[in-house]
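Chain by chain, the residues:
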Amino acid sequence: MNCDTTRELLITDYIDNELDPKRREAVKRHLAGCPGCSAFEAEVLKTAVRPFKGISQARPPRAVWENIAFSIGGAAAAKRRVFPGPALFTATLAAVIIAAAIFLNYHYDEQRSLGLYIEEELGYLSSLGSNTASQDDDILAGMDLPSDSLSRVRNFSQDKIV
Amino acid sequence: MKKIPPELIIKAADGDIAAFEEIYRHTSGFVYSIALRVLCNRPEAEDVTQEVFIRVYKNLKNFAFRSSLSTWIYRIAMNATLNARNRYSRQSGNSVEYDDEVHAPETAPSADDPEDVREKEAELARLLAALSPEHRACVILREIEGLSYGEMADALHININTVRSRLSRAREALMAAASKRGDER
């Protein structure tokens, strides 16, 4: 092995342990008898290899991961909005049904309490009427109401209750 | 290179952010290191790291397990870094000078004396300044990341003999720069 080939191997494969054992042995034999190539090896190690030893890996700041997580998290959320899963669909349906039930129940109660109120008023008026028909007529005459008011109130309240 | 379990990759590909963060923890040091030491600019290195991992996440479903995930990420990182370097030098219109100031506070905690670490980093900065971005990338992959020639070829997407010739030229340039500094003293 001559000096050119030796130095070519020295600067790469030999110092990086990429040579097969047979060629590595050949380089070693050459170095043992060649001060020039030995000096060359020492120079490569001193200026191009050893200065990098003990240099640690740099680390990205935490903010880099936070930005990445925000970007990919946003993408994942967008995907979920476009294609809602079965759980989300079921939850939405349940919410709509509950809202409709509350709304209908509220209107039923409102109508029912109005009916009860009219019924009470009617009961009161009837109790007055049951004492004396003339009294009833006098009261109504005293209130200056049209003569058919009572029957209209009675009919109205019965319609509503029914 | 660190081996990433296939189950973790599958989970991350299915949108598991915690699994993806685990992959990030395994590989982000490499990606950021390469970008920082080749670009010599901290905000650019952070942008490249971010770009690389967003690209990895989006393409994880297409990862076919033909190579290791680390190699795949390293390749994406090298492409993104060298593209950013070209973009950056086109914008600035000249070559980027290596700035040792960007490194010292960013490295992993070390048991060494902080003064020694700073000196080492300053020396590293001087050495890398003598190299082209491609040669710089080769030296970093070999000397700092400890990749084999085969792994370097995969990461750089080049022939193994091209790895040899780039590494040889890079070391010759480092020797020449050291000799020049010796002459100047």
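Since the structure is predicted, the reported quantities are computational estimates derived from the model, not experimental observations.

What counts, and at which threshold
Per chain, the residues get numbers from 1 upward, laid out in the order the sequence is written. Starting at A for chains and at 1 for ligands, labels are handed out in the order in which the entities are written. It should be noted that, the model being predicted, local features are given only for residues of pLDDT at least 70 and side-chain atom pairs only at 80 or more, the latter also being counted only at that level, while totals for whole chains, interfaces and linings use all residues. Neither water nor hydrogens contribute to the side-chain values; these are computed over all heavy atoms in the structure. Secondary structure elements follow DSSP: runs of H or I no shorter than four residues count as helices, runs of E no shorter than two count as strands, and numbering proceeds from the N terminus. Contacts are assigned to residue pairs with any non-hydrogen atoms lying within 4.5 Å of each other. To pair, rings of Phe, Tyr and Trp, with the six-membered ring standing in for Trp, must have centres within 6.5 Å; the planes then decide the type, stacked if under 30 degrees apart, edge-to-face if over 60, and tilted in the middle. Under the scheme applied here, a residue whose accessible area is under 20% of the maximum for its type counts as buried, over 50% as exposed, and between as partly exposed, the area being computed with a 1.4 Å probe on protein chains only. In this scheme, Lys NZ or Arg CZ marks a charge over a ring once it lies within 6 Å of the ring centre and within 35 degrees of the ring normal. The score called pLDDT rates the predictor's confidence residue by residue, from a low of 0 to a high of 100. Throughout, the accessible surface (probe 1.4 Å) given up by two parts as they are put together, summed over both, is called the buried area. Salt bridges are counted wherever a side-chain nitrogen of Lys or Arg sits within 4 Å of a carboxyl oxygen of Asp or Glu. Polar contact is the term for a pair of N or O atoms within 3.5 Å; when the atoms are in protein, one must be able to donate a hydrogen and the other to accept it, and sequence-neighboring residues count only if both atoms are side-chain atoms. By definition here, a helix of n residues has an expected span of 1.5 Å times n minus one.

Colleague: Give me the environment of B:Arg171: which residues, what numbers.
Modeller: In this structure, B:Arg171 sits in helix α8 (residues 160-184). For the pair B:Arg171 and B:Val139, spaced 32 residues apart in sequence, the C-alpha separation works out to 8.2 Å. Contact partners of B:Arg171, with chain neighbours within four places excluded, come to A:Ile11, A:Thr12, A:Ile15, A:Asp16, A:Ala48, A:Val49, B:Arg142, B:Glu143 and B:Tyr149.

Colleague: Which residues make up the packing of aromatic side chains, and what are the values?
Modeller: Under the criterion given, the structure shown has 8 aromatic pairs over all chains. Ring geometry for A:Trp65 versus B:Tyr24: centroids 5.0 Å apart, planes at 40 degrees, classification tilted. Linking A:Trp65 in helix α4 (residues 62-82) with B:Tyr24 in helix α2 (residues 17-39), this pair reaches from one chain into another. Taken together, a centroid distance of 3.5 Å and an interplanar angle of 25 degrees make the contact between B:Phe30 and B:Tyr74 stacked. With B:Phe30 in helix α2 and B:Tyr74 in helix α4 (residues 69-92), this residue pair connects regions lying 44 residues apart in the sequence. The exposure classification of B:Phe30 matches that of B:Tyr74, with both residues buried. Connected via pairs of aromatic rings, a cluster forms that spans A:Trp65, B:Phe20, B:Tyr24, B:Phe53 and B:Tyr57. Positioned over the ring face of A:Tyr14 is A:Arg24, at 4.3 Å from the centre of the ring.

Colleague: I'd love a proper account of the confidence of the model for chain B, names of residues and values included.
Modeller: Do not read the fine detail of predicted coordinates wherever pLDDT is low. Residue and element names in this part refer to chain B. On average, residues of chain B carry a pLDDT of 83, and 84% of them reach 70 or more. Looking over chain B, one finds the lowest element-wise mean pLDDT in helix α5 (residues 114-128), namely 77, and the highest in helix α3 (residues 42-59), namely 94. Per-residue pLDDT stays below 50 along residues 94-106; that stretch engages in 35 contacts with residues further than four places along the chain or on separate chains. Note on the complex model: pTM 0.64, ipTM 0.79.

Colleague: Give me the interface of chain B and chain A: which residues, what numbers.
Modeller: Listed as interface residues are 42 residues of chain B and, on the opposing side, 32 residues of chain A. Interface area, chain B with chain A, both sides summed: about 3,500 Å², of which 64% is carbon and sulfur. Remark: the boundary between chain B and chain A carries 5 salt bridges. For the salt bridge of A:Lys53 with B:Glu143, the shortest nitrogen-to-oxygen distance reads 3.4 Å. Along the contact surface separating chain B from chain A lie 14 residue pairs in polar contact (both at pLDDT 80 or more). Going through the elements one at a time, α2, α3, α5, α6 (133-144) and α8 of chain B are the ones with two or more residues in the side of chain B that touches chain A.

Colleague: Explain helix α3 (residues 35-49) of chain A to me, and be specific about the residues and the numbers.
Modeller: Taking 1.5 Å of rise per residue, 15 residues should cover 21 Å, and α3(A) covers 20 Å from first to last C-alpha, within 8% of that figure. Residues of α3(A) that are buried: A:Cys37, A:Phe40, A:Glu41, A:Val44, A:Leu45, A:Thr47, A:Ala48 and A:Val49.

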